[in-house]
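# Working through the structure, step by step
What follows is the residue order along each chain.
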Amino acid sequence: MKKVLSILALSVCSIMSAQAAVVVIGAPGAADISASDAKKLFLGKGSKSAVVYELNEGNATRSEFHSSVTGKSDSQLKAFWSKQVFTGKGNPPATVSNAAAMKSAVASNPNAIGYIDEADVDASVRVILKP
C-alpha cells in the first residue's frame, strides 16, 4: 500500500511541475504589457527600442511560449523568420541557451524582454505578462 501511495504522490508532483506556466519577463522596473504587445514584439513588429530575447530552438519553454503567445508552432516560427530575413523585413531576436542566461540578459537591460518558466523567476527580473 505504501508503494502505491508513493507512486501516486510522485505522479501528482510530476504532473503539477509539468504544468508550470511560461511568463514574459522584463527588468525589475519594467511595466506590464498586454498579450497583443508581446506577440508584436516577439514577431518583430513592436517597438524598435525593445531588445527581445528568445530561448534556443528546440527548447520546450520556447515552444510553449510561442504556442500560447504568438500562435505559431516551431516550424511556423522558423518559416516566418526565414521569410522576414529573405525579404529584408526583419531579423529574429537574439537567442540565449537557458533560463539563467535569459534572466541575466533581461535584468541587465531596462529595454529587454524575454520569457522563462514561472518556476525560474527570481528577484533579478519582473513578470510583466502571464499569458
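Numbering of residues begins from 1 in every chain and follows the order in which that chain's sequence is written. Local features in a predicted model are, by the rule used here, given only for residues with pLDDT of at least 70; side-chain atom pairs are given and counted only at 80 or more, and totals for whole chains, interfaces and linings are based on all residues. With hydrogens and water excluded, all non-hydrogen atoms of the structure serve as input to the side-chain values.

Moving on, we get to the pattern of salt bridges. Salt-bridge detection follows one rule: a side-chain nitrogen of Lys or Arg within 4 Å of a carboxyl oxygen of Asp or Glu. Tallying each qualifying case throughout the model produces 4 salt bridges. In this structure, D32 engages R126 in a salt bridge whose closest nitrogen and oxygen atoms are separated by 2.8 Å. Highlighted residues: D32 in the loop between β1 (22-26) and α2 (35-42) and R126 in strand β5 (residues 126-129), separated in sequence by 94 residues. Given the relative accessible area of 30%, R126 is considered partly exposed. As a salt-bridge pair, K103 and D122 come within 3.0 Å of each other at their nearest N and O atoms. On the criterion of sequence distance, the pair formed by K103 in helix α5 (residues 99-107) and D122 in the loop between β4 (112-117) and β5 is long-range, its members being 19 residues apart. A relative accessible area of 14% means that K103 is categorised as buried. Look at D122 and you get partly exposed, because its relative accessible area is 34%. The secondary structure listing takes helices from DSSP runs of H or I that are at least 4 residues long and strands from runs of E that are at least 2 residues long, numbered from the N terminus. The rule is simple: take the accessible area with a 1.4 Å probe, protein chains only, and divide by the maximum for that residue type; under 20% is buried, over 50% is exposed, in between is partly exposed.

What follows deals with the packing of aromatic side chains. When the centres of two rings from Phe, Tyr and Trp lie within 6.5 Å, Trp using its six-membered ring, the rings pair. Their planes under 30 degrees apart give stacked, over 60 give edge-to-face, and anything left gives tilted. Summed over all chains, the structure comprises 4 aromatic pairs. Where F42 meets F65, the ring centres are 4.7 Å apart and the plane angle is 65 degrees; that geometry is what we call edge-to-face. Within this pair, whereas F42 is found in helix α2, its partner F65 is found in helix α3 (residues 60-69), the two being separated by 23 residues in sequence. For the pair shown, F42 and F65 are each scored as buried.

From the geometry alone we can't say anything about function, so treat these as descriptive.
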